[in-house]
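Listed here are the chains, written in short residue letters.
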Amino acid sequence: MIGRVLLLIALTASMVAGFTPSESRAFVTRQSSLKMGADSEVSFGNLDGKDVRVGIIRTRWNDEHVTNLVKGARDALKECNVKEENIFETEVPGSFELPLAARFLALSGTVDAIICAGVLIKGDTMHFEYICDTVTSGIMSVGLQTSVPCVLGVLTCLNEDQVVARSTGDNNHGSDWGKTAVEMALLRSEALGAKKGMSKMGFGSAEPVKESEVKKDRVGFF
């Protein structure tokens, strides 16, 4: 009887030890979580953006990191044959302002795609969660409402190490954002038809609608 009890205790102890993570295993988990998602998992074919015009709206918040991301995006645009004069760049204070600025630029009718670039790093309060959710939803809404592709180029990281891993070197996510902008601009052109004429780039430079061309007998989009 005593032998059976001792055997049962030994088996229980071994099972508990098997489900208890060791310090080295926990360390590996923490390390892998920092690296997870840093490497690009998206492949792009040959993209010819010689006629594509891209707007970049960047934040001044976390300026150094955002600058690195924008450089990655610009390098990718040039790699896709996007002309320097066809890249329009402006800035806003923070990520919360990105959706509205993107809507202004989309409605100007002067760009084929927009990259919204920013960096959010989690702090001690819920501010991070609220801003991440609002900005993500807002940028997506602009694209759906205006039919101008808006690339979500906002890093949402838990610490600065994660930001550095995703904004520098070969893992600069800005590169993917630039190529995504070109690909989506080309897709939009195929779906909606290429524009015959292009106006000057930037805000407020689209041709105004003449009063004689406005139909006053109906309200809405019809």
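Residues numbered from 1 in each chain as written. Predicted model: local features only at pLDDT ≥ 70, side-chain atom pairs only at ≥ 80, totals over all residues. Heavy atoms only, no water.

Chemist: Is there a simple way to explain the sheet that holds strand β3 (residues 113–121) in this structure?
Modeler: Read across the sheet, 4 strands follow the order β2-β1-β3-β4 without closing on themselves; strand pairing throughout is parallel. The two strands at the open ends of the sheet, each matched to only one other strand, are β2 (87–92) and β4 (150–157). Averaged over all pairs of adjacent strands, the angle between their axes in this sheet comes to 15°, without regard to strand direction. Taken together, the 8 bridges between β3 and β4 define a ladder with parallel strand orientation. From the neighbouring strand, L120 faces β4, where its bridge partner is T156. Lying over the sheet, helix α7 (residues 173–192) contacts β1 (54–59), β3 and β4, oriented at roughly 160° with respect to β4. (Pairing = 2+ DSSP bridges. Helix = DSSP H or I, 4+ residues; strand = E, 2+ residues; numbered from the N terminus. Axes fitted to C-alpha atoms, helices over the stretch in contact; angles between N-to-C directions. Contact = heavy atoms within 4.5 Å.)

Chemist: Explanation requested: unusual backbone geometry in the structure shown.
Modeler: One can expect most non-glycine residues to show negative phi and most peptide bonds to be in trans. Phi at N62 is positive, roughly 55°, even though this residue is not glycine. Along the chain, N62 falls in the loop between β1 and α3 (63–79).

Chemist: Please explain the nonpolar core as it appears in this structure.
Modeler: One recurring pattern in soluble globular proteins: nonpolar side chains tend to sit buried together. Grouped together as the largest cluster of nonpolar side chains are 24 residues, with contacts concentrated most on L77, I115 and L155. Every element with two or more residues in this core is listed here: β1, α3, β3, β4 and α7. Ranked by residues supplied to this core, first place goes to α3 with 5 residues. With near-sequence residues (within four places) excluded, L155 lies in contact with L69, G118, V119, L120, V163, R166, S167, H173 and W177. (Core = buried A, V, L, I, M, F, W, Y, C linked by side-chain atoms within 4.5 Å. Buried < 20%, exposed > 50% of the residue type's maximum accessible area, 1.4 Å probe, protein only.)

Chemist: When you look at α3 in this model, what are you seeing that I'm missing?
Modeler: Owing to its 3.6 residues per turn, the α-helix aligns residues three or four sequence positions apart on the same side. Taking 1.5 Å of rise per residue, 17 residues should cover 24 Å, and α3 covers 24 Å from first to last C-alpha, within 8% of that figure. Three or more residues of α3 are buried, namely H65, V66, L69, V70, G72, A73, R74, A76 and L77. Positive backbone phi, approximately 70°, marks N81, located one or two places after α3. (Expected span 1.5 Å × (residues − 1).)

Chemist: Just checking my understanding: could you explain the pairing of β4 for this structure?
Modeler: Note on strand geometry: in a regular strand, side chains alternate between the two faces of the sheet. Across the 8 residues of β4, 6 count as buried, placing the element largely inside the fold. Since β3 and β4 lie parallel, the crossover through helix α5 (residues 127–146) that links them has a hand, and here it is right-handed. (Right-handed = clockwise from strand over helix to strand, strands pointing away.)

Chemist: Looking at this structure, how should I read the state of the cysteines?
Modeler: In protein structure, a disulfide is the covalent linkage between the sulfur atoms of two cysteines. Under the criterion given, the structure shown has 0 disulfides. Here C132 stays unpaired: no disulfide links it, and the sulfur of C157, its closest cysteine neighbor, is 9.1 Å away. (Disulfide = S-S within 2.5 Å.)

Chemist: Looking at this structure, how should I read the packing of helix α4 (residues 98–108) against α5?
Modeler: How two helices sit against one another is set out by the angle between their axes and by the gap between those axes. Two elements in contact, α4 and α5, have axes whose closest approach is 8 Å; the angle formed by their N-to-C orientations is 15°. In terms of orientation, α4 and α5 fall into the roughly parallel class. Crossing of α4 over α5 shows right-handed handedness. On α5, the residues that touch L98, P99, A102, R103, A106 and L107 of α4 are V135, G138, I139, V142, Q145 and T146. Looking at the contact of α4 with α5 residue by residue, the class counts come to 8 nonpolar, 3 polar and 1 charged. (Parallel < 35°, antiparallel > 145°, perpendicular 65-115°, else oblique. Left-handed = near helix turned anticlockwise from the far one by under 90°. Nonpolar A, V, L, I, M, F, W, Y, C, P; charged D, E, K, R; others polar.)

Chemist: What am I meant to see in the pairing of β1 here?
Modeler: Burial of β1 is extensive: 6 of the 6 residues sit out of reach of the surface. Judged by which residues are buried, β1 turns out to be covered on both faces: V54, I56 and R58 on one side and G55, I57 and T59 on the other are all buried. In this structure, β1 lies alongside β2, joined through 6 bridges in parallel fashion. Each residue of the ladder has a partner; that of T59, found in β2, is V92. You can see the chain leave β1, run along α3 and come back into β2, and the turn it takes is right-handed. Relative to β3, β1 is paired through 5 bridges, and the arrangement is parallel.

Chemist: What am I meant to see in the packing of α3 against α7 here?
Modeler: Packing of α3 against α7 brings their axes to within 6 Å, and their N-to-C directions diverge by 45°. The pairing of α3 with α7 is recorded here as oblique in orientation. Crossing of α3 against α7: the hand is right-handed. Residues L69, G72, A73, A76, L77 and E79 of α3 form the contact with α7, whose own contacting residues are H173, G174, S175, W177, G178, K179 and V182.

Chemist: Would you mind going over the environment of K179 with me for this structure?
Modeler: Secondary-structure assignment places K179 in helix α7. Beyond its immediate stretch of four places on either side in the chain, K179 contacts F44, L47, A76, E79 and C80.

Shape is all these values report; function is a separate question.
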